[in-house]
Amino acid sequence: MKVTEHIAQAKDTLISFEILPPLKGKSIESIYDHLDPLMEFKPSFINVTYHRSEHMFKKRGDGTFEKVEIRKRPGTVGICAAIMNHYNVDAVPHLICGGFSREETENALIDLNFLGVDNVLVLRGDAPRNETFFEPNPDGHRYAIELLQQVVHMNNGIYLEEDLQGGVKTKFCIGVAGYPEKHFEAPNLQTDLTHLKKKVENGADYIITQMFFDNRKFFDFVAKCREMGITVPIIPGLKPLTTKRQLTVLPRTFHVDIPDDLATEVLKCKTDKEVEEAGTQWLIQQSKELKAFGVPVLHYYTLGKPKVIKKVVEAIV
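Residues numbered from 1 in each chain as written. Predicted model: local features only at pLDDT ≥ 70, side-chain atom pairs only at ≥ 80, totals over all residues. Heavy atoms only, no water.

A. A look at the overall build of the protein. Helix and strand content of the protein: eleven helices and ten strands. With 317 residues in all, the protein has 48% of them scored as buried. For the protein, the share of sequence-separated contacts (at least 6 apart) that also reach a separation of at least 24 residues comes to 75%. In the form shown here, the protein has an accessible surface area of approximately 15900 Å², with 50% of it arising from carbon and sulfur atoms. (Helix = DSSP H or I, 4+ residues; strand = E, 2+ residues; numbered from the N terminus. Buried < 20%, exposed > 50% of the residue type's maximum accessible area, 1.4 Å probe, protein only. Contact = heavy atoms within 4.5 Å. Areas by Shrake-Rupley, 256 points an atom, 1.4 Å probe, with all protein chains shown as cover.)

Structure representation (structure tokens):
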């Protein structure tokens, strides 16, 4: 079922989760162990992130170095199929521009369509860790809107091979990312919102936001979207703060602000266990307020913290 269909049929705020593929060499059981504690809440869908290859330098026997590409977290398509089969729940694979050609993207979409996956979340993706700026692969997409257009073309039966006739029309429901505190590369929020509106005009069906810790910023973001004529569902993305180190890591990595009250509470904590409890209580209150606001879905970035997310969802359902 499509994400938008889940939302249209819902009588209350839905719950969804997001997971990482396991590191190469791990089994699917690590995914089940992660999700099992959360399935009692009957999530409407589960997002699975997609990861590009990274460049590494391996030392040769003669002392020189060889540049090699490795993917540390492969398996997104297979994980989606396994989740759907194991739990009978919809899976939403991420698709990214970085690290993939248009043909590789088309082949992934064909596989997903064969597997009965109804949804995708299209993202540009980040630059590799050792590079400052994002650069697309040869014959890849530079911007998320280009990737979005490729999915829309396949929904219309248009494939990369121009002489391909009678191509099956896929039926993907397409999500895109929104940034309540603006994308870090955008000069200002208004410009960022203009780009977001173009994605919706080009076929995006719903929006999932970057994490945020200040609900007021989300409420303002939604209001500005509606003022601009963006009418698709806007789903808040939520993450617990669980370590004192995250006070500096999250703002630097994800370009989000930590509210004064939360930062003050965390700084009082003597251990990360105390930080986790403070972050959990903050996310519970955040979730209750968002639910009262009428958000269609509460989308939790689990990222290795299923027990924390379980405690949060137990407090609000």
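B. Looking closely at the pairing of strand β8 (residues 206-211). Of all six residues making up β8, six are buried, and the element is well covered by its neighbours. Examined bridge by bridge, strand β7 (residues 173-178) and β8 share four bridges and lie parallel to one another. Bridge assignment links G178 to a residue of β8, and that residue is T209. The pairing of β8 with strand β9 (residues 234-238) spans three bridges and is parallel. Within the sheet, the bridge partner assigned to I207 lies in β9 and is I234. Following the backbone out of β8, through helix α7 (residues 215-227) and into the adjacent parallel β9, one traces a crossover that is right-handed. (Pairing = 2+ DSSP bridges. Right-handed = clockwise from strand over helix to strand, strands pointing away.)

C. A look at the environment of T194. Topologically, T194 is positioned in helix α6 (residues 189-201). When the C-alpha atoms of T194 and I230 are compared, they prove to be 9.9 Å apart, with 36 residues separating the residues in sequence. A distance of 3.0 Å separates a polar side-chain atom of T194 from the backbone oxygen of Q190. (Polar contact = N/O pair within 3.5 Å; in protein donor to acceptor, adjacent residues only side chain to side chain.)

D. Expanded view of helix α5 (residues 144-155). Relative to the 16 Å expected for twelve residues at 1.5 Å per residue, α5 spans 17 Å between its end C-alpha atoms, a close match to the ideal helical length. Within α5, the full set of buried residues consists of A144, L147, L148, Q150, V151, V152, M154 and N155. Each element contacted by the buried residues of α5 is listed here: β5 (90-96), α4 (102-114), β6 (119-123), β7 and α6. Downstream of α5 by one or two residues, G157 has phi in the positive range, about 80°. (Expected span 1.5 Å × (residues − 1).)

E. Focus on the pattern of salt bridges. All told, the structure shown has eleven salt bridges when counted by the stated rule. The partner of R124 in a salt bridge is E185, and the shortest N-O contact between them spans 2.9 Å. Taken together, the residues span a long stretch of sequence, with R124 in the loop between β6 and α5 and E185 in the loop between β7 and α6 at a distance of 61 residues. For R124, a relative accessible area of 15% translates into the label buried. When salt bridges that share partners are traced, they join E40, K310 and E314 into one network. (Salt bridge = Lys/Arg side-chain N within 4 Å of Asp/Glu carboxyl O.)

F. Just the packing of α4 against α5, in detail. Where α4 contacts α5, the axes come no closer than 11 Å and their chain directions differ by 45°. Classified by the interaxial angle, the pair formed by α4 and α5 is oblique. At the point where α4 passes α5, the crossing takes the right-handed sense. In this structure, α4 contributes R102, T105, E106, L109 and I110 to the contact, and α5 contributes L147, Q150, V151 and M154. (Axes fitted to C-alpha atoms, helices over the stretch in contact; angles between N-to-C directions. Parallel < 35°, antiparallel > 145°, perpendicular 65-115°, else oblique. Left-handed = near helix turned anticlockwise from the far one by under 90°.)

G. How the structure looks around the side chain of Q210. Looking at the element boundaries, Q210 is found in strand β8. Since its relative accessible area comes to 17%, Q210 is described here as buried. Apart from residues no more than four positions distant in its own chain, Q210 is found in contact with G178, Y179, P180, G237, F254, V256 and Y301.

H. View of the side chain of D192. Mapped onto the fold, D192 is located in helix α6. It turns out D192 is buried and unbridged, and the closest side chain with the opposite charge, K199, is 6.5 Å from it. Once residues within four sequence positions are removed from consideration, D192 is found in contact with Y179, K182, H183 and A186. (Lys, Arg positive; Asp, Glu negative; His and termini not counted.)

Remember that the coordinates give geometry; whether it matters functionally is a separate question.
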